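# Structural features, examined
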Amino acid sequence: MADPNPPFIYNPPTEPFLDVLHQDDDILVLNKPSGLLSVPGKADHLKDCLERRAQGKFGDARIVHRLDMDTSGVIVMAMNAQAHRHLGLQFERRKTRKTYIARIWGQPEKNEGLVDLPLRCDWPNRPRQMVDHELGRSAQTKWEVLAREEACALVRLSPITGRSHQLRVHMLSLGHPILGDRFYAGAEALAASNRLCLHAHKLGLHHPANGEFLWFEAPVPF
């Protein structure tokens, strides 16, 4: 298992500084790189983040949901208060659709399945999360093998809920941690990649202006 409190150096990527997938009067869709915070941290050296970069170019951009710093992929921001409320309700009521791609250590016995394990924060080792059948919040993830490789497998993950570190802990619970995961991977799986191999590949949502359901996609970088 990885060190529960690994040393942390924040060195966010700057190329590209901001990867815009779509922008209109109501929404801004971005491709967040691995290694960049979604929102600023408390310390001064953690102020650089996707939200601030977006506001530097699109002043009204507001965060609606987040991706872990180590996770890359599609994230949507609102361009006005009405769109922010509309999008926020979609996420709250699970009207959005999210698909992730991950590379996991080892070979699952089955080709697909559903992980249904409640999660809560592992407070002594936060931000790590843990399975807790008594105090945890309900969490479900559908998974499907896309390709089997020599020491690992490429999988599609479809979260039904949106708990912190949900995909990372659910894959760990199967015995197949995500490659490059500094919180949950063992030594071999951690060393197998220089980044967390977890990418928010597709995001589907209803456009706040007209209700049309749209899909946005960012290419898998690993």
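In this text, all values refer to a predicted model and were calculated from it rather than measured experimentally. (Residues numbered from 1 in each chain as written. Predicted model: local features only at pLDDT ≥ 70, side-chain atom pairs only at ≥ 80, totals over all residues. Heavy atoms only, no water.)

### Quick look at helix 2 (residues 81-92)
Stated precisely, the cut-off is as follows: Here a strand is any run of E in DSSP of at least two residues, a helix any run of H or I of at least four, and the numbering for each starts at the N terminus. The length a helix should cover is 1.5 Å for every residue beyond the first. Think of it in three bands: residues with accessible area under 20% of the maximum for their type are buried, residues over 50% are exposed, and the middle band is partly exposed, with areas taken using a 1.4 Å probe on protein chains only. Our arc is simply the arc of the directions from the helix axis toward the C-beta atoms. Contacts between residues were defined by any pair of non-hydrogen atoms, one from each residue, lying within 4.5 Å. Here a polar contact means two N or O atoms within 3.5 Å. Within protein one must be a hydrogen donor candidate and the other an acceptor candidate, and residues neighboring in sequence count only if both atoms are side-chain atoms.
Helix length check: helix 2 (12 residues) gives 16 Å between terminal C-alpha atoms against 16 Å at 1.5 Å per residue, within 8%. For helix 2, the full list of buried residues reads Ala-83, Leu-87, Gln-90 and Phe-91. Projection of helix 2 onto a plane perpendicular to its axis shows the buried side chains occupying an angular sector of 95°, all on one side. When the buried face of helix 2 is taken as reference, the exposed residues oriented beyond 90 degrees from it are Gln-82, Arg-85 and Glu-92. Where the residues of helix 2 are buried, they touch strand 2 (27-32), strand 4 (72-78), strand 5 (97-105) and strand 11 (198-206). Taking the backbone nitrogen of Gln-82 as reference, a side-chain oxygen 3.3 Å away marks Asn-80 as the first, capping residue of helix 2.

### Re the nonpolar core
Basically, it comes down to this: Throughout this description, the term nonpolar core refers to a set of buried Ala, Val, Leu, Ile, Met, Phe, Trp, Tyr and Cys residues connected via side-chain atoms within 4.5 Å.
With 37 residues, the main nonpolar core has Leu-28, Leu-30, Met-77, Leu-157, Ile-178 and Leu-198 as its most contacted residues. Elements supplying a minimum of two residues to this core: strand 2, helix 1 (50-57), strand 4, strand 5, strand 9 (140-148), strand 10 (152-159), helix 3 (166-173) and strand 11. Considering every element that reaches this core, the biggest residue donor is strand 10, with four residues. Excluding anything up to four places from it in sequence, Leu-157 contacts Lys-98, Thr-99, Tyr-100, Ala-102, Thr-141, Lys-142, Trp-143, Leu-167, Met-171 and Leu-198. If you look at the next biggest cluster of nonpolar residues, it comprises 13 residues, including Val-76, Leu-87, Leu-203 and Leu-214.

### A look at helix 3
Across the eight residues that make up helix 3, a large majority, six, are buried. A positive backbone phi angle near 90° is found at Gly-175, which sits one or two residues after helix 3.

### As for a positive patch on the surface
Under the convention used in this document: Patch membership requires more than 30% relative accessible area and the absence of a salt bridge. Residues of like charge join within 9 Å; the nonpolar side chains Val, Leu, Ile, Met, Phe, Trp and Tyr join within 5 Å. Reported accessibility uses the Shrake-Rupley method at a 1.4 Å probe radius. Residues are deemed covered only where the shown protein chains occlude them. Take a side-chain nitrogen of Lys or Arg and a carboxyl oxygen of Asp or Glu: if they are within 4 Å of each other, that pair is a salt bridge. Charged residues are defined narrowly, with Lys and Arg counted positive, Asp and Glu counted negative, and His plus the chain ends left uncounted. Where a charge lies is defined by one atom per residue type, namely NZ (Lys), CZ (Arg), CG (Asp) and CD (Glu).
Among the surface-exposed residues, Arg-93, Lys-95, Arg-97 and Lys-142 lie close enough to one another that they form a single positively charged patch. Within the fold, Arg-97 resides in strand 5.

### Focus: the packing of aromatic side chains
Under the convention used in this document: Within 6.5 Å between ring centres, the rings of Phe, Tyr and Trp (the latter by its six-membered ring) count as paired, and their orientation is classed by plane angle as stacked under 30 degrees, edge-to-face over 60, tilted in between. A ring is scored as having a charge over it whenever the NZ atom of a lysine or the CZ atom of an arginine sits within 6 Å of its centre and within 35 degrees of its normal.
As enumerated under the stated definition, the model contains two aromatic pairs in all. Geometrically, the ring pair formed by Phe-213 and Trp-215 is edge-to-face, given 5.8 Å between the ring centres and 80° between the ring planes. Relative accessible area serves as the criterion here: at 48%, Trp-215 is assigned to the partly exposed category. Positioned above the aromatic ring of Phe-17 is the side chain of Arg-53, whose terminal nitrogen or guanidinium carbon lies 4.3 Å from the ring centre.

### Some thoughts on the environment of Arg-66
Its location among the elements puts Arg-66 in the loop between strand 3 (62-63) and strand 4. With a relative accessible area of 60%, Arg-66 lands in the exposed category. In this structure the C-alpha to C-alpha distance between Arg-66 and Leu-50, which are 16 residues apart in sequence, comes to 9.7 Å. When neighbours within four sequence positions are excluded, Arg-66 is seen to be in contact with Ser-38, Val-39 and Ile-75.

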